[in-house]
Amino acid sequence: MKFSENWLRIFVDPPLSTDELAQALTMAGLEVEAIEPVAPAFSKVVVAEVLSVHKHPDADHLYICKVNAGLAEAEEPLQIVCGAANVRAGVKVPCALEGAALPGLTIKRTRIRGIESAGMLCSAKELGLEEVAAGLLLLPESAPTGGDFRHYYELEDNLLTLKLTPNRGDCLGLFGIAREVAAITFEDLKPLTIKPIGGQLDDTLAIQVDAPDACPLYCGRVVRGVSLDVTTPQWIIRRLERSGLRSINAVVDITNYVMLETGQPLHAFDLAKIAGALRGSIHVRYAKPGERLQLLNGEDLVLQPGMLVIADEVKPLALAGIMGGNESGVVQGATDIFLESAFFSPEVISGKSFSLGFSSDSAYRFERGVDFGATRDAMERATGLILDICGGGTGPITQVRGKLPQRDPIRLRVERTRRVLGIDLGEARIAELFRRLQFGFSVAGDVFQVTPPTYRFDLAIEEDLIEELARIHGYNHIPATLPQMKLGMLPAPETLKPLAQLREIMTGRDYQEVINYAFVDASWELELAGNNAPVALKNPLSNQLAVMRSSLIGGLVSNLQFNLNRKQPRIRLFEIGDCFEKSGDTYAQYEKLAGLCYGDAMTEQWGERARTVDFYDVKADIEALFCPAAVEVEAAPHPALHPGKSALIRLGGKIAGYLGELHPRWQQKFGLPKPVVLFELEVASVTRTLPKAAEISKYPPIRRDIAVVVPEDVHVQAMLDCMHAEKLPVISEISLFDVYHGKGMENGKKSLAFRMLLQDTQKTLTDAEADRVVAQLINVLQNQFGAKLRS
């Protein structure tokens, strides 16, 4: 919204400079996007009358002009040489006197082709008012000869451009902006005086609203005997041009002027172009299939169902709320008009400009909502200007009124206001601010019942009113206070490893962290997690992001594909993120840690031969995460993993996660040329054993090695668990150091060699004592697993 500052100050004139006014508007939520002067600085330019014009004796395109510049000290008219084609005797034009400083030019007395010239007759371009000019800037006959041109043309003015938010359609008229300025600055607002125009004629045109929900209010009036031969007054033209609109003819200029002044779009139809005028009706209806309409911008439209039109008995005349039709427009020669002022529902107009590929000032206002309480007043205002400028007589207003938007009272609690704003405005201050905003209200105790005015469509809830109070009170008057709250240390069990530590361990083992969406493809959940009932989103971003993940594996495989497509040969990724599961009507959220390895186990180097990463490389990474706690690995199936190369991870008898190679089926589906090793853990299961103080033995340890033969299907972990279950106090360590299959070994048998360290804290163990402990363990293995001591 661009407007003239001088025009604004007619309604409200606060004691603020232009910059201060712009700052006040911006701080109240009406951002001033630009401030620009109406014209560049220049001086010594007056209104002059050309008395006579003669051809220059030595030039075909130059004229010698005698000019009355209204100078009291001048005994004779000024002689000025001019080359403009439109110069003629009797016209009034701007004249730059000797010594005048124009944009980029200083005027001096000079000789042009031997003829003395004592100034310059100016075009709009030379004064910096327009970029292109065809000749001199011709002024009305009423312009005061000798008067200061800047004062006469009201050039001591600035143009302010507001960047309005979509909810502030009430400020798309100058009076609405003035109302805001008055409230912000606590200055008096000069009311817009509108006098009802009595019907001098009996002529009316019937109005039939066939779409009452789309047009709850329609006003129309016949005006006869107008003259378009009159020139639009300069004050209207200047205000239109400074708001970005060009002058067309007096009637159209007046409807545009009233729109800029009040925010209410109007339209004038040539009454002679309305079929059955005064016998038929104006219809407000939706377009019929196949109807066409040529708009004022020259665009020929094939009207679609759902487009609201203004029509006569035969054809559409205008696209309601957007643009008039070319055929029924008011042009030179029209003498009788039908003037329209209406309220169209924003829902009907919204989006139409976008679909049509063009916008208009009317559509811009109607789709944001106009003041339906001022629809009739805007017509009265336009009628008065038309009669004053164009003459003629008017008939009465014909009005069709339907169900207009309700302005229900909004409840505002003083205590709620204090809590939201952080300051106590008090009932008296709140009432004062509402009066400044011209909001009707009543008070009961500390509760206000506020009725929004008809021009404020953005007020619906209590918080809207609180925002209005903050705006008018002034955001800069609300002190910046820091929130005060009691802080307490969150519990951090020592048995749980912090996420930062887990990230540090993973990055230290050459992994890189990734972050993926928690929304995934439903096929990932079914194939990689075996989840037939994932948590589905009601409004997914896309079909590929339709469910909440219960596993991190899908995202890591997708990351792997992304990197392989960019020629990365060795990839090690991990992610820590939330996963979601549904159980009946309840939902659960878990934090998981997953990792993926692909390619060589180590980066290319001379010290190690290249080999592909395997199960045991990743198992070592998992053990580093749990260290110093020891995890157990047990073969078990998983939907995403290779049937013979997958295992579950246990800690303290509880399942902590899974480890293994990606299933060949998914490896083929995702187009992965090499095996992929991955794991997934519950973050809550990655615990550590708290250290316990124990006596350190000062006596030397004794090592004993035993080799036993057991069946092939016996698990080493089971044997270790069985020996540890004896809880022999002198045993400090039992570990496997060799497995043998081969020559000299029976079929279905294997040889396992264990190292045992024995140490007592009270004495040095004798060989006999050590032998008795080892024999006890051998006996356990024989009884439990059928082990035989290998000789």
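Residues numbered from 1 in each chain as written. Predicted model: local features only at pLDDT ≥ 70, side-chain atom pairs only at ≥ 80, totals over all residues. Heavy atoms only, no water.

Trainee: Now, about the packing of helix α6 (residues 250-262) against helix α10 (residues 375-390): what can you tell me, with residues and values included?
Mentor: Running from N to C, α6 and α10 cross one another at 145°; their axes reach a closest spacing of 10 Å. For the element pair α6 and α10, the recorded crossing hand is right-handed. Along its contact with α6, which presents Ala-250, Val-251, Ile-254, Tyr-257, Val-258, Glu-261 and Thr-262, the element α10 presents Ala-378, Arg-381, Ala-382, Leu-385, Ile-386, Ile-389 and Cys-390. Of the residues in the contact of α6 with α10, the class split is 11 nonpolar, 1 polar and 2 charged. (Axes fitted to C-alpha atoms, helices over the stretch in contact; angles between N-to-C directions. Helix = DSSP H or I, 4+ residues; strand = E, 2+ residues; numbered from the N terminus. Left-handed = near helix turned anticlockwise from the far one by under 90°. Contact = heavy atoms within 4.5 Å. Nonpolar A, V, L, I, M, F, W, Y, C, P; charged D, E, K, R; others polar.)

Trainee: Which residues make up helix α16 (residues 553-564), and what are the values?
Mentor: Compared with an ideal rise of 1.5 Å per residue, which puts 12 residues at 16 Å, α16 spans 17 Å between its outermost C-alpha atoms and is within 8% of the ideal. When α16 is considered as a whole, its buried residues turn out to be Ile-553, Gly-554, Gly-555, Leu-556, Val-557, Asn-559, Leu-560 and Leu-564. (Expected span 1.5 Å × (residues − 1). Buried < 20%, exposed > 50% of the residue type's maximum accessible area, 1.4 Å probe, protein only.)

Trainee: How would you sum up the sheet that holds strand β29 (residues 519-520)? Please name residues and give values.
Mentor: Within the open sheet, the 3 strands sit side by side as β29-β31-β30. Their pairing is antiparallel. The open sheet terminates on both sides in strands that have one partner only, identified here as β29 and β30 (535-536). Both β30 and strand β31 (residues 547-548) contribute to a ladder of 2 bridges, which runs antiparallel. Opposite Ala-536, over in β31, you have Val-547 as the bridge partner. (Pairing = 2+ DSSP bridges.)

Trainee: How would you sum up the confidence of the model for the protein? Please name residues and give values.
Mentor: With 100% of its residues at a pLDDT of at least 70, the protein reaches an overall mean of 92. Model confidence for the protein, summarised as mean pLDDT per element, is weakest for helix α8 (residues 352-356) at 87 and strongest for strand β28 (residues 512-513) at 96. (pLDDT = per-residue confidence, 0-100.)

Trainee: With reference to specific residues and values, describe the nonpolar core.
Mentor: Grouped together as the largest cluster of nonpolar side chains are 119 residues, with contacts concentrated most on Tyr-218, Leu-319, Phe-338, Phe-344 and Phe-434. Beyond its immediate sequence surroundings of up to four residues, Phe-338 is in contact with Leu-205, Ile-207, Tyr-218, Gly-220, Arg-221, Val-222, His-267, Ala-268, Phe-269, Leu-271, Ile-274 and Ile-282. (Core = buried A, V, L, I, M, F, W, Y, C linked by side-chain atoms within 4.5 Å.)

Trainee: Talk me through unusual backbone geometry; I want residue IDs and the actual numbers.
Mentor: In this chain, Cys-627 is followed by Pro-628 through a cis amide linkage whose omega measures 10°. Mapped onto the secondary structure, Pro-628 falls in the loop between α17 (615-626) and β34 (632-635). Positive phi values are uncommon outside glycine, yet Arg-113 reaches one of about 55°. Located in the positive-phi region is Phe-186, a residue other than glycine, with phi close to 60°. Residue position: Phe-186 is located in the loop between α4 (174-185) and β13 (206-209).

Trainee: I'd like to hear about the sheet that holds strand β3 (residues 45-55), residue by residue, with values.
Mentor: Spatially, β5-β4-β3-β6-β11 is the arrangement adopted by the 5 strands of the open sheet, whose pairing is antiparallel. Edge strands, defined here as strands with exactly one partner in the open sheet, are β5 (78-82) and β11 (119-121). Across this sheet, the average inter-strand angle for adjacent strands is 45°, counted without regard to direction. Pairing geometry for strand β6 (residues 92-97) and β11, over 3 bridges, is antiparallel. In the strand pairing of β11, Leu-97 is matched with Gly-119.

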